[in-house]
Amino acid sequence: MTRPRILVVGAGFAGVECVRRLERRLAPDEADLTLVTPFSYQLYLPLLPQVASGVLTPQSIALSLRRSEKYRTRIIPGGAIGVDLRSKVCVVRTITDEIVNQPYDYIVLAPGSVTRTFDIPGLTDHAFGMKTLAEAAYIRDHVISQLDLADASHDPAERASRLQFVVVGGGYAGTETAACLQRLTHAAVKRYPRLDPGLIKWHLIDIAPKLMPELGEKLGRSAQEVLRRRGIEVSLGVSIAKAGPEEVTFTDGRVVPTRTLIWTAGVVASPLIATLGAETVRGRLAVNADMCLPGHDGVFALGDAAAVPDEAKGDGAVCPPTAQHALRQGRQVADNVIATLRNQPLRPYHHKDLGLVVDLGGTDAVSKPLGLELHGLPAQAVARGYHFAALRTNVAKARVATNWLLNAVAGDDFVRTGFQARKPAKLHDFEYTNAYLTPEQVRAHVEEAGRAVR
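Here the structure is a predicted model, which is why all the values come from computation and not from measurement.

Draft legend 1. Broad picture of the packing of aromatic side chains. Under the counting rule described, the total for this entry stands at 5 aromatic pairs. Seen in terms of ring centroids, Phe13 and Tyr44 are 5.4 Å apart; in terms of plane orientation they differ by 80 degrees. Their pairing is edge-to-face. One end of the pair, Phe13, is in helix H1 (residues 13–25); the other, Tyr44, is in the loop between strand E3 (41–43) and helix H2 (48–52), and 31 residues separate them in sequence. Of the two residues examined, Phe13 and Tyr44, each falls in the buried class. Where Phe39 meets Tyr41, the ring centres are 5.5 Å apart and the plane angle is 20 degrees; that geometry is what we call stacked.

Draft legend 2. Structural view of the UniProt feature "domain: FAD/NAD(P)-binding" (unreviewed entry) in the protein. As recorded in UniProt, the sites labelled "domain: FAD/NAD(P)-binding" (unreviewed entry) are residues 5–330. Taken end to end, residues 5–330 is 27% helix and 28% strand, and its two terminal C-alpha atoms sit 18 Å from one another.

Draft legend 3. Seen up close, empty space enclosed by the protein. With the rule as written, the count across this model stands at 1 cavity of 30 Å³ or more. Taken as a whole, the largest cavity spans an internal volume of roughly 30 Å³. Forming the walls of the largest cavity are Val16, Val19, Arg20, Leu35, Leu65, Thr73 and Ile75. At 3 residues, the largest contribution of residues to the lining of the largest cavity is made by H1. Broken down by class, the residue content of the lining of the largest cavity amounts to 5 nonpolar, 1 polar and 1 charged.

Draft legend 4. The arrangement of the sheet that holds strand E15 (residues 255–257) in detail. One open sheet accounts for 3 strands, arranged E13-E14-E15; its pairing is antiparallel. Looking at which strands have only one partner, the edges of the open sheet turn out to be strand E13 (240–243) and E15. The mean angle between the axes of side-by-side strands here comes to 20 degrees, regardless of whether they run parallel or antiparallel. The pairing of E13 with strand E14 (residues 247–250) spans 3 bridges and is classified as antiparallel. Looking at the pairing, Ala243 lines up with Val248 of E14.

Draft legend 5. Quick look at the environment of Ala136. Considering the arrangement of structural elements, one finds Ala136 in helix H4 (residues 133–152). A relative accessible area of 0% means that Ala136 is categorised as buried. Here the alpha-carbon distance between Ala136 and Gly316, two residues 180 residues apart in the chain, equals 35 Å. Once you skip the residues sitting within four places of it in the chain, Ala136 turns out to touch Leu48, Val51, Ala52 and Met130.

Draft legend 6. Main features of the sheet that holds strand E12 (residues 232–236). Reading across the sheet, the 4 strands line up as E12-E11-E10-E16 and stay open at both edges, with parallel pairing between neighbours. Bordering the open sheet on either side are E12 and strand E16 (260–263), each of which pairs with just one other strand. In this sheet, adjacent strand axes meet at a mean angle of 15 degrees when their direction is disregarded. Here 5 bridges tie strand E10 (residues 164–168) to strand E11 (residues 201–206), and the two strands are oriented parallel to one another. Paired with Val167 across the strands is Leu204, a residue of E11. Across the sheet, helix H6 (residues 172–188) touches E10, E11, E12 and E16, and the angle it forms with E11 is around 180 degrees. Helix-sheet contacts for helix H7 (residues 217–229) involve E11 and E12, and the interaxial angle to E12 is about 135 degrees.

Draft legend 7. Spatial organisation of the pairing of strand E7 (residues 99–103). Looking at chain direction, strand E6 (residues 89–94) and E7 are connected through 5 bridges and run antiparallel. Among the inter-strand pairings, Val91 is bridged to a residue of E7, identified as Asn101. Connecting E6 to the antiparallel partner E7 that follows it, the hairpin turn spans 4 residues, and Asp97 within it adopts a positive phi of roughly 70 degrees.

Draft legend 8. Structural context of H4. In this model, H4 (20 residues) spans 29 Å end to end at C-alpha, consistent with the 28 Å of a helix rising 1.5 Å per residue. Taking burial as the measure, the 20 residues of H4 include 15 buried ones, the bulk of the element.

Draft legend 9. Here's a closer look at the side chain of Glu176. Summarising the element assignment, Glu176 is placed in helix H6. Despite its burial, Glu176 pairs with no opposite charge, the nearest such side chain being Arg384 at 9.0 Å. There is a polar contact of 2.7 Å between the side chain of Glu176 and the backbone nitrogen of Asp359. When residues no more than four places from it in sequence are discounted, the contact partners of Glu176 are Pro46, Pro49, Val357, Val358 and Asp359.

Thresholds applied
Residues numbered from 1 in each chain as written. Predicted model: local features only at pLDDT ≥ 70, side-chain atom pairs only at ≥ 80, totals over all residues. Heavy atoms only, no water. Phe/Tyr/Trp six-rings, centres within 6.5 Å; stacked < 30°, edge-to-face > 60°. Helix = DSSP H or I, 4+ residues; strand = E, 2+ residues; numbered from the N terminus. Buried < 20%, exposed > 50% of the residue type's maximum accessible area, 1.4 Å probe, protein only. UniProt positions renumbered as here; feature names shortened; annotations may be inferred. 1 Å grid on protein atoms, 1.4 Å probe; cavity = no way out; pocket = protein on both sides within 12 Å on 5 of 7 lines; lining within 4 Å. Points joined across faces, edges and corners; volume = space filled by probe spheres on them. Nonpolar A, V, L, I, M, F, W, Y, C, P; charged D, E, K, R; others polar. Pairing = 2+ DSSP bridges. Axes fitted to C-alpha atoms, helices over the stretch in contact; angles between N-to-C directions. Contact = heavy atoms within 4.5 Å. Expected span 1.5 Å × (residues − 1). Lys, Arg positive; Asp, Glu negative; His and termini not counted. Salt bridge = Lys/Arg side-chain N within 4 Å of Asp/Glu carboxyl O. Polar contact = N/O pair within 3.5 Å; in protein donor to acceptor, adjacent residues only side chain to side chain.

The following block contains the structure:
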């Protein structure tokens, strides 16, 4: 008899945690494991702003999936662009641009999320995102290049526009990005004697009435005070009306001359979910508490791409798209896949949120571990302690800790790595959201491949 084929889509927190648990708890002859991912590393997403600001190197938060010889999962380098649930086939575009069919008996869908955008004129053509390792590294190059270009410019208007920066999104990603990059420019401008430090202006805007409302009134206000003390202009109840190559128009009518627009206004489930033709909740796949897709045997979904019921909260709540939930859902899904293989009962996912941490750089942070509100150095210790503990490998922990120590002692070098020498790249160039098939295209491709085999 052939072994059951288990296919995991996505190498984020949820997917990798699921794969590693399956490897530990399944005997080699119980099942064949396959992982589909565009990159053979797990990205520790919460620390991306620190890569963008140069506190951490990109390699330190990209945890290789091929480092150890003890893992037996086959890794397919490519992106899943469609799933045919009836035929139990996942359509994959490989890194050689070949489209192949990957059959499965059990599939775990953890494709994560992409940056949420709106129909705002010029947004996808002129904004940067903060969702991938390449984007973080590119933004660092871009920000430092704006200082170089401003220093070289003889036009006061151009110089002023290059030294203004706009971040959209008052959640964790946007707040940490603005805070970390402002520290970078504040330190770097001291090495540019021809530039007036007063020309550097950072704007953080959000359509919501509060900054990071999940933290509560007190901590949200504390974070806002830290940002304003650093000179970051925080505008709430405001968004972008249109974006251009040299200016951004806010919805309150203000026009800000800038060459840097960073968009972090939320995420949506991977476009892969739309190819299934299944029920969704605000774009996320509707699943049961055991993370099974109703009406489809052997299909599990979790993480940012799935609306997993939050049984700890009740009242129809779904789990937020955070690393904390994704990690634990990955373990639970692995256990449920094993239970299915062994004809055992499945268990629902249940986890009470442990709290939130926001690293604002330096000694500034706000944290809410187990409901305890902290700010300043104690909050920073909690935030970095949490991230250090959450990193999956000892190698990653050593790299991150070394980077933190080196940055604290020696500061930054403000080095550009050369990304700006190529064609400028913006948000739509990094996340490949136009690569996915429609449900009809998936079905047609699978049927055509079936006829070719016959």
